[in-house]
Amino acid sequence: MASLKELKGRINSVKSTQKITKAKQMVAAAKLRKAQAAAEAARPYAERLSGVMASLASKVGKDDNAPKLLSGTGSDQRHLLVVANSDKGLAGAFNSNIVKAALVKAKALLAEGKEVEFYLIGRKGRPVIRRTYPDKIGVNFDTTSVREPGFNEAEQIADELVGMYEDGRFDVAHLFFSQFKSALAQIPTEQQIIPVKAPEGAVESDAVVEYEPGEEEILEALLPRYLKTQIFKALLENNASEQGASMTAMDNATRNAGDLIGKLTIQYNRTRQAAITTELIEIIAGAEAL
Amino acid sequence: MSLHFELVTPAKLVRSEDVHMVEVPGTEGAFGVLEGHAPFMSTIADGEMRIYKTAGAAPEVITVSGGFAEVGDAGLTVLAEHVGE
């Protein structure tokens, strides 16, 4: 049986934990609203860009001399897994779900005899992946210096990926991130980003569009931009997902802490009552003995 | 008579309004777009874009870099990666 003093200490420690989880929950809720707004604001650009991509790719994409970013290197031996994680924890299973999806894919690819390399964005995925594949981590893109990954980071990542692709370091790149459905549901998603998969649903129009410089040049200029947008979108989705997961996880933690405090308080009161009863019995017994 | 003009960056929709004319710095030379322009698409060079709200009005200047312009039935859409005012 724990002493009164011990119980009191435990109650206090759970209370301070609850304060932390509650604060984190409220912060996440505020950030979630911001992240959702950012994701919303990025939509017009992405929509228009994929519209243009679709119509251009359907015209040029079938040619033999289509850009390498669209047609691929002709081989699919070496795969690059781009895993986007966050830098902070306290977000439930958010990071481990993404990493798990990436590890499953890596295992499947290795079983097929392909080569696999990781490109990590964010800090949290690194330890887990390093434990399983210590020698396969190629690049670790550091996002700790910025508060929220934005378009500048997406640009740097895309530039680096295109550079690596042109150097022939990999044939296919997959991007792993968490798609935001709601504060309760985030779906770990895999998306092939290189070679670029042209969006479907080109709007056929009869109007003859004039291109300057030419269709192929425009497509070539467009592909890296499209890649940037894809990565940017993934980063935004990831950010919203992280905040959503964090909010849910911290809400649960706060509730659990509340339950625990209730239980401990009951135990504390019972123990105190028992001590008082014992004391009374001793006094009465002493008085009767006289 | 007005041209519907949209300026979009990855982060947000910067402009969506009806204007008289827009001058865009295309890679092969600047071009002006009025209402009823033929369908056209061009990459843009880093430079200044001039927006004329009405004919003869002083233009509003926006610097853009990295992107392309598209003229279609819906008007002029400029997708730019970076925009400075």
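This one's a predicted model, so the numbers in the text were calculated from it and none came from an experiment. Throughout this description, residue numbers start from 1 for each chain and increase along the sequence as written. Both sets of labels track the order of writing: A upward for chains, 1 upward for ligands. Only residues with pLDDT of 70 or above have their local features reported here, since the model is predicted, and side-chain atom pairs are shown and tallied only from 80 upward, although totals for entire chains, interfaces and linings are computed over all residues. The basis for the side-chain values is all heavy atoms of the structure; hydrogens and waters are excluded.

## Considering a positive patch on the surface
For step 1, the next point in the chain: Two distance rules govern patches: like charges are joined within 9 Å, and nonpolar side chains (Val, Leu, Ile, Met, Phe, Trp, Tyr) within 5 Å, applied only to residues with over 30% relative accessible area and no salt bridge. Residue-level accessible areas treat just the shown protein chains as cover; the underlying method is Shrake-Rupley with a 1.4 Å probe. Any carboxyl oxygen of Asp or Glu within 4 Å of a side-chain nitrogen of Lys or Arg constitutes a salt bridge here. When charges are counted, Lys and Arg contribute as positive and Asp and Glu as negative, whereas His and the chain ends are disregarded. All charge positions are set by atom: Lys at NZ, Arg at CZ, Asp at CG, Glu at CD. A grouping of A:K31, A:K34, A:K88, A:R123, A:K124 and A:R147 is seen on the molecular surface, where their side chains present a positively charged patch.
For step 2, the next point in the chain: Secondary structure is summarised from DSSP: a helix means a run of H or I of at least four residues, a strand means a run of E of at least two, and numbering begins at the N terminus for each. In this fold, A:K88 is placed in the loop between β1 (78-84) and α4 (94-111).

## Quick look at the UniProt feature "domain: ATP synthase F1 complex delta/epsilon subunit N-terminal" (unreviewed entry) in chain B
For step 1, the next point in the chain: UniProt positions are given in the numbering used here, feature names are shortened, and annotations may be inferred rather than shown by experiment. The feature "domain: ATP synthase F1 complex delta/epsilon subunit N-terminal" (unreviewed entry), as given by UniProt, occupies residues 3-82 of chain B in the numbering adopted here.
For step 2, the next point in the chain: In this annotation, residues 3-82 of chain B is assigned 0% helix and 70% strand; the end-to-end C-alpha distance for the span is 23 Å.

## Observations concerning the pairing of strand β2 (residues 13-19) of chain B
All names here are of chain B.
For step 1, the next point in the chain: Pairing between two strands requires that DSSP report at least two bridges joining them. Relative to β2, strand β1 (residues 3-8) is paired through six bridges, and the arrangement is antiparallel. Bridge assignment links L3 to a residue of β2, and that residue is V19.
For step 2, the next point in the chain: The turn joining β1 and β2, which pair antiparallel and follow one another in sequence, is formed by four residues.

## Considerations on the packing of aromatic side chains
Residue and element names in this part refer to chain A.
For step 1, the next point in the chain: Two aromatic rings, drawn from Phe, Tyr or Trp (for Trp, its six-membered ring), form a pair once their centres lie within 6.5 Å of each other, and the interplanar angle then sorts them: stacked below 30 degrees, edge-to-face above 60, tilted otherwise. All chains considered together, the criterion is met by four aromatic pairs over all chains.
For step 2, the next point in the chain: Each ring, one from F151 and one from F232, has its centre 5.2 Å from the other, and the planes form 90 degrees; the classification is edge-to-face. Placement of the pair is F151 in helix α6 (residues 151-166) and F232 in helix α7 (residues 215-289), with a sequence separation of 81 residues. For the pair formed by F151 and F232, the shared burial category is buried. Residue exposure (1.4 Å probe, protein chains only): buried if accessible area is under 20% of the type maximum, exposed if over 50%, otherwise partly exposed.

## Notes on the confidence of the model for chain A
For step 1, the next point in the chain: Summary of the metric used: pLDDT quantifies the predictor's per-residue confidence within the range 0 to 100. Chain-level statistics for chain A give a pLDDT mean of 86 and a share of 94% at 70 or above.
For step 2, the next point in the chain: For chain A, the element scoring lowest by mean pLDDT is helix α3 (residues 68-71) of chain A, at 78; helix α1 (residues 4-41) of chain A scores highest, at 93.

## Thoughts on the domain arrangement of chain A
For step 1, the next point in the chain: What the domain assignment lists for chain A is domain 1 (4-20 + 251-289) and domain 2 (38-247).
For step 2, the next point in the chain: Just the C-alpha atoms count here: the centres of domain 1 of chain A and domain 2 of chain A sit 54 Å apart. The start and end points of each domain follow an automatic or database-based domain assignment.

## Considering the packing of α6(A) against α7(A)
When two helices pack together, you describe them by how their axes are tilted relative to each other and by the distance separating the axes.
Residue and element names in this part refer to chain A.
For step 1, the next point in the chain: At a closest axis distance of 8 Å, the pairing of α6 and α7 adopts a crossing angle of 130 degrees. Considered as vectors, α6 and α7 are oriented oblique to each other. Between α6 and α7 lies a crossing of right-handed hand. Contacts between α6 and α7 involve F151, E153, A154, E155, I157, A158, D159, L161 and V162 from the first element and L227, K228, I231, F232 and L235 from the second.
For step 2, the next point in the chain: Class assignment for the residues of the contact of α6 with α7 results in ten nonpolar, no polar and four charged. A fitted line through C-alpha atoms represents every axis, and for helices the fit uses only the stretch in contact; the resulting angles, taken between N-to-C directions, go from 0 to 180 degrees. Note on terminology: angles under 35 degrees are roughly parallel, angles over 145 are roughly antiparallel, angles of 65 to 115 are roughly perpendicular, and the others are oblique. Crossings are assigned a handedness: left-handed for a near helix turned anticlockwise from the far helix by less than a right angle, right-handed for a clockwise turn. Contacts are residue-level and defined by heavy atoms, with any inter-residue pair within 4.5 Å sufficient. The classification used treats Ala, Val, Leu, Ile, Met, Phe, Trp, Tyr, Cys and Pro as nonpolar, Asp, Glu, Lys and Arg as charged, and all other residues, Gly among them, as polar.

## Remarks on the pairing of strand β5 (residues 186-194) of chain A
All names here are of chain A.
For step 1, the next point in the chain: The pairing of strand β4 (residues 172-180) with β5 spans eight bridges and is antiparallel. Residue pairing across strands places S178 opposite P188, the latter belonging to β5.
For step 2, the next point in the chain: Linkage of β4 to β5, two consecutive antiparallel strands, is achieved through a turn of five residues.

## Describing the interface of chain A and chain B
For step 1, the next point in the chain: Tallying the contact residues gives 24 residues for chain A and 24 residues for chain B.
For step 2, the next point in the chain: In total, about 2000 Å² of surface goes out of reach between chain A and chain B, with carbon and sulfur atoms giving 64% of it.
For step 3, the next point in the chain: When two components associate, each loses some accessible surface as probed by a 1.4 Å sphere; the sum of these losses over both components is called the buried area. Counting the surface chain A buries against chain B, the share from its top three residues, A:Y45, A:R48 and A:E212, is 34%.
For step 4, the next point in the chain: Applying the counting rule to chain A against chain B returns three salt bridges.
For step 5, the next point in the chain: In this structure, A:K228 and B:E81 form a salt bridge, with 3.4 Å as the shortest nitrogen-oxygen distance.
For step 6, the next point in the chain: Definition of a polar contact: a pair of N or O atoms within 3.5 Å, with one able to donate and the other able to accept a hydrogen when the atoms are protein atoms, and with sequence-neighbouring residues admitted only if both atoms are side-chain atoms. The interface formed by chain A and chain B contains four residue pairs in polar contact (both at pLDDT 80 or more).
For step 7, the next point in the chain: Listing elements by their share of the side of chain A that touches chain B, those giving two or more residues are α2 (43-60), α6, β6 (210-212) and α7 of chain A.
For step 8, the next point in the chain: Across three bridges, the pairing between β6(A) and strand β5 (residues 40-44) of chain B is parallel. Within β5(B), the residue paired with A:Y211 across the bridge is B:M41.

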